[in-house]
Amino acid sequence: MPKDSGIGAASKRREDFRFLTGRGKYTDDVALQGQLYAVMVRSEVAHGKIKKIDTKAISEMSGVRAVFTGEDFSDVGGNPAGWLINSRDGTPMREPKRPVLAHGKVRHVGDAYAAVVAETLQQAKDAAERLAESAVIEELPAIIDMAGAISDSENRVHDEIDDNLCFDWGWIEDNREVVDKALASSPHVTTLQLVNNRLVPNAMEPRSSIGEYDPGTGEYKLTTTSQNPHLTRLLICAFVLGIPEHKLTVVAPDVGGGFGSKIYHYGEEALVLAAARKLGRPVRWTADRSESFLSDAHGRDHLTTIEVGSTMDGEILAIRTSTLANVGAYLSNFSTVTPTFLHGTLMAGPYKVPHVYVNLKAVFTNTAPVDAYRGAGRPEATYSLERAIDKLSRELNLDPIEVRKKNLLTPDQFPYTSPVGLIYDIGNYQNTLDKAIELADLKNFEDRAKKSKSNGKLRGLGLSTWIEACGIAPSNLVGQLGARVGLYDAATVRVSATGTIQVMTGAHSHGQGHETAFAQLVASKLGVAEDAVEIVHGDTSKIPFGMGSYGSRSLAVCGSAMDRAVDKIIEKGKKIAAHMLEADEIDINFENGSFTVKGTDKSKSFGEVAFSAYVPHNYPLETLEPGLEETAFYDPNNFTYPAGAYLCEVEVDPDTGKVTICSFTCADDFGNVINPMIVDGQVHGGVAQGIGQALTEQTVYNQEGQLLTASYMDYTMPRADDLPFLKVDHSCQTPCTHNPLGVKGCGEAGAIGSPPAVVNAVVDALNRGGHAVTHIDMPLSPHRVWQAMQG
């Protein structure tokens, strides 16, 4: 029978009541007395020299209080990349400054080079429009194509570096010759070139920021749409504006989705703080949807050639990949790690591959910056590998399911050190594959295919067996790999005199259900009601220093810190209870919310002990301080490794090329599960985004650098009728061996495993229909599929 509370229960999300009834409070809902409005002036050309900006005439317009240009920020720092990546020859990556406002040059359509602050939003918009009309920008050739960018010695995105290459990375470089020899001697080599299409994150809530400054105290406050308020504060203080860290509070209230795009610090956040200080009034900025398309960090955008060497019966011997990764016009905070260590280290997948080598060139272009988007490097690796294995199977006339079974790691091989340096602690990949096959009713697939054929449709089956590294990340390891920050997290558990509990966490919730799942965790351990636990997040003045929510780390890292803090609460509670019960601490047992003397019926409730901690009339004051509040930090020993198998069935209309997804089955191993309903929702959302990438979404720039897909008129988001009902299972649990909760993370899985499953299914359908199609690049629009059928 399903549990109704605590760990493992499908508790309804407590935060949903305020969201569904319009009581959520987002950044743009914050209204401050005397607030001013900022509007950014953005470049209409992809590449150009700023020759003239007439600020004087604009400053005299009605309601305008200030005009800012890049010149105003020329003496402050730039927004840095969070990871320093070296090229294969050991040379450091090129890291040109990313200014608050473009100075000297604009480098992509949407690059902000000025900002107008006025009394009303309309006045600010009118003045910004006038400024854009009068600005003189000398247009330069746009650098859009990645291969062309590398070979172009005359046109450079950043004049201060001698080409458009950020770095040329190899992993693991010592493996290179071994892999070359293994491929040269392989009985069969499959080669596939593929595109991982650029995507716009499209969170429901656009970015928004409000800056405040108190001249009496010198304190700043930034309210902003952030997945990571402490990182935003750190970057602004240490790298950009130089504000003393204790003088800046960053608050991220309710945030309407992020998918990675709100991890990073953006120039608008620094702008509103600087403007608030100069003008002595709060300054607010909110993007409209067009700005989001132009200026939010995009995702993906890889061009990869993958080679897989194998025996004639499908045993994989070696893998080599060569990738061009677009980083756009500027380096964003995670843009250098996403295509390298979050991508290259997963290129062995869940398979026992002896040899792997990954080469990746990161390229500057005159396009919006590219950074982590749900899955962040793991979807790109999985897509390349799973498409190549399907192609290999077809070339060798082998069953793609059997090829995977032949190569999957087996439970007796764990812990397993992969050829690209990761240590998988535990898993049972055969189990998840078998579960997916069972749930998808594969034994009756051929009957369904015949029925589709009788209806004039082509039916296909696609499989993806995937693994990811998440729970980011061990600080010592990532420090060696170039990270500029540690990736631990922290939690404070504060018990009041009446037994209610506040939990302050470095994680930030923007759709994940933290207020529910974290409360379940704490309440279950302390034996109290879930509604007695309040989760506090998003305010740097209240929460301990933490690194936010991304990389499926919230429960594995932040939750583990929470677990440790609760353990400290229980240990102190035992000391208090021992004194109250006149027993030795070693004889006190805590279970179901009661401290009991072992072997007796003498006990004190958790509430009684909490009250004694704050009203210490009968309390061991000689050895123990009053109060019941503990903080714990958790720095993981390893990544966590969720894994799964996804099966997709599609029908293709041979007359139009339209793809219909008939069924989609997910069998995942997430380790222990705190709230299965929330986990189901995370998988549903991830699969929806993965299907969007596979079938409908694509960001397109023309050769002049104009974004052709800059609105929902041209950028096709998946709709409800594009998606089937999903079969989701997470019963195949192998609990993580190195964190106290045994959890692995579930937020990105759906977006990782689904794109190759969909594309594999479509290619299978076409081949079953007599069309010798080896590959179609995403998105698989009806036009592309129809073209492939025509050869």
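Quick look at the structure, then. Residue positions are counted from 1 within each chain, in the order its sequence is given. Totals for whole chains, interfaces and linings use all residues, but because this is a predicted model, local features are given only for residues with pLDDT of at least 70 and pairs of side-chain atoms are given and counted only at 80 or more. Just so you know, side-chain values use all the structure's heavy atoms and leave hydrogens and water out.

### Describing the overall build of the protein chain
Looking only at helices and strands, the protein chain features 19 helices and 28 strands. Its C-alpha atoms give the protein chain principal-axis dimensions of about 85 × 75 × 50 Å. Within the protein chain, the fraction of its 791 residues that count as buried is 60%. In this tally, Asp and Glu contribute negative charge and Lys and Arg positive charge; neither His nor the terminal groups of the chain are included. Charge positions are represented by NZ for Lys, CZ for Arg, CG for Asp and CD for Glu. One finds the centroid of the 74 positive side-chain charges in the protein chain at a distance of 1 Å from the centroid of its 99 negative side-chain charges. Only runs of H or I of at least four residues qualify as helices and only runs of E of at least two qualify as strands under DSSP, and these elements are numbered from the N terminus. Whether a residue is buried, partly exposed or exposed follows from its accessible area with a 1.4 Å probe, protein chains only, as a fraction of its type maximum: under 20%, in between, or over 50%, in that order.

### Describing the sheet that holds strand S10 (residues 219-224)
By the convention used here, strands pair only if DSSP detects at least 2 bridges between them. The strand order S3-S5-S1-S12-S9-S10-S11 describes an open sheet built from seven strands, whose pairing is mixed. For this open sheet the edge positions go to strand S3 (64-69) and strand S11 (248-251), each flanked by a neighbour on one side alone. With strand direction ignored, the average angle separating the axes of adjacent strands in the sheet is 20°. In this structure, S3 lies alongside strand S5 (residues 112-118), joined through five bridges in antiparallel fashion. The residue bridging Val-64 from the neighbouring strand is Ala-118, located in S5. Taken strand by strand, helix H6 (residues 229-240) contacts S10 and S11, and its axis lies near 145° from that of S11. Against the sheet, helix H7 (residues 267-279) makes contact with strand S1 (36-42), S3, S5, strand S9 (208-214), S10, S11 and strand S12 (283-286), and its axis sits at roughly 30° relative to S9, the strand it touches most. Think of each axis as a best-fit line through the C-alpha atoms, taken over the contacting stretch in the case of a helix, with angles from 0 to 180 degrees between the N-to-C directions. In what follows, residue pairs with any heavy atoms lying within 4.5 Å of each other are defined as contacts.

### Description of the pairing of strand S13 (residues 302-310)
Sheet topology note: the strand S8 (residues 188-196)/S13 ladder contains nine bridges and is antiparallel. By the bridge assignment, Val-189 is partnered in S13 with Gly-309. As defined by bridge partners, S13 adjoins strand S14 (residues 316-328) across nine bridges and the pair is classed as antiparallel. Residue pairing for S14: Thr-305 is matched across the bridge by Ser-322.

### Details of the pattern of salt bridges
Here a salt bridge means any side-chain nitrogen of Lys or Arg lying within 4 Å of a carboxyl oxygen belonging to Asp or Glu. One pass over the structure, following the stated rule, counts 47 salt bridges. Its salt-bridge partner being Glu-119, residue Arg-65 comes within 2.9 Å of it at the nearest N-O pair. With a gap of 54 residues between them, Arg-65 in strand S3 and Glu-119 in the loop between S5 and helix H3 (121-134) connect regions that are remote in the sequence. Residue Asp-390 is joined to Arg-404 by a salt bridge in which the shortest nitrogen-to-oxygen separation is 3.0 Å. Of the two residues, Asp-390 is situated in helix H9 (residues 378-395) and Arg-404 in helix H10 (residues 400-407); the sequence distance between them amounts to 14 residues. Each member of the pair Asp-390 and Arg-404 is classed as buried. Among the ionic contacts, a cluster of salt bridges with common partners joins Asp-441, Lys-443, Arg-448, Arg-459, Glu-649 and Glu-651.

### Some points on the packing of H9 against helix H18 (residues 749-768)
Packing of H9 against H18 leaves a shortest axis separation of 8 Å and a crossing angle of 25°. The orientation of H9 relative to H18 falls into the category roughly parallel. Where H9 crosses over H18, the handedness of that crossing is right-handed. Within the contact between the two elements, H9 uses Arg-378, Pro-379, Thr-382, Tyr-383, Glu-386, Arg-387, Asp-390 and Arg-394 and H18 uses Ala-751, Ile-752, Pro-755, Pro-756, Val-759, Asn-760, Val-763, Asp-764 and Asn-767. Here the residues of the contact of H9 with H18 sort into eight nonpolar, three polar and six charged. Roughly parallel means an angle under 35 degrees; roughly antiparallel, over 145; roughly perpendicular, 65 to 115; everything else is oblique. Each crossing is labelled by how the near helix is turned from the far one, with a counterclockwise turn of less than a right angle marking it left-handed and a clockwise turn marking it right-handed. All residues other than Ala, Val, Leu, Ile, Met, Phe, Trp, Tyr, Cys, Pro, Asp, Glu, Lys and Arg, Gly among them, are scored as polar; the first ten of these are nonpolar and the last four charged.

### Details of the packing of aromatic side chains
Ring geometry is summarised as follows: Phe, Tyr and Trp rings, the Trp one being its six-membered ring, pair when their centres sit within 6.5 Å, and such pairs are stacked at plane angles under 30 degrees, edge-to-face over 60 and tilted between the two. Considering all chains together, one arrives at 20 aromatic pairs under this definition. The interplanar angle of 70° and the centroid separation of 5.6 Å between the aromatic rings of Phe-293 and Tyr-715 together place this pair among those described as edge-to-face. Residue Phe-293 is located in helix H8 (residues 289-295), and its partner Tyr-715 is located in the loop between helix H17 (676-695) and strand S28 (726-729); the two are separated by 422 residues in the primary sequence. Classification of Tyr-715 as buried rests on a relative accessible area of 1%. Between Phe-334 and Tyr-550, the aromatic rings sit 5.2 Å apart at their centres with planes inclined by 85°, giving edge-to-face as the arrangement.

### Observations concerning the side chain of Arg-198
Locating Arg-198 in the fold gives a position in the loop between S8 and S9. Residue class for Arg-198 comes out buried when judged on its relative accessible area of 4%. Two N or O atoms form a polar contact when they lie within 3.5 Å of each other; inside protein one atom must be a possible hydrogen donor and the other a possible acceptor, and for residues adjacent in sequence the pair counts only when both atoms belong to side chains. Among the polar contacts listed, one links the side chain of Arg-198 to the backbone oxygen of Ala-368, at a separation of 3.2 Å. Apart from the residues within four sequence positions on either side, Arg-198 is in contact with His-298, Gly-299, Arg-300, Asp-301, Asn-326, Thr-365, Thr-367, Ala-368, Val-370, Gln-698, Thr-699 and Tyr-701.

### Considering helix H5 (residues 176-184)
Along H5, the residues classified as buried are Val-179, Ala-182 and Leu-183. Along the axis of H5, the buried residues cluster in a sector spanning 95°; they form a single face. Away from its buried face by more than 90 degrees, H5 exposes Glu-177, Lys-181 and Ala-184. In this fold, the buried residues of H5 make contact with S8, S13, S14 and strand S15 (355-364). Each C-beta atom gives one direction from the helix axis, and the arc is the one those directions make.

### Considering the sheet that holds strand S25 (residues 629-634)
Overall, mixed pairing links the four strands, which are arranged S21-S20-S19-S25 in an open sheet. Looking along the sheet, the strands with just one partner apiece sit at the ends: strand S21 (533-536) and S25. Direction aside, the axes of adjacent strands within the sheet are offset by 15° on average. Of the pairings in the sheet, the one linking strand S19 (residues 489-495) to strand S20 (residues 501-505) comprises five bridges and is antiparallel in character. Bridged to Val-493 within S20 is Val-503. Taken strand by strand, helix H14 (residues 514-526) contacts S20 and S21, and its axis lies near 135° from that of S21.

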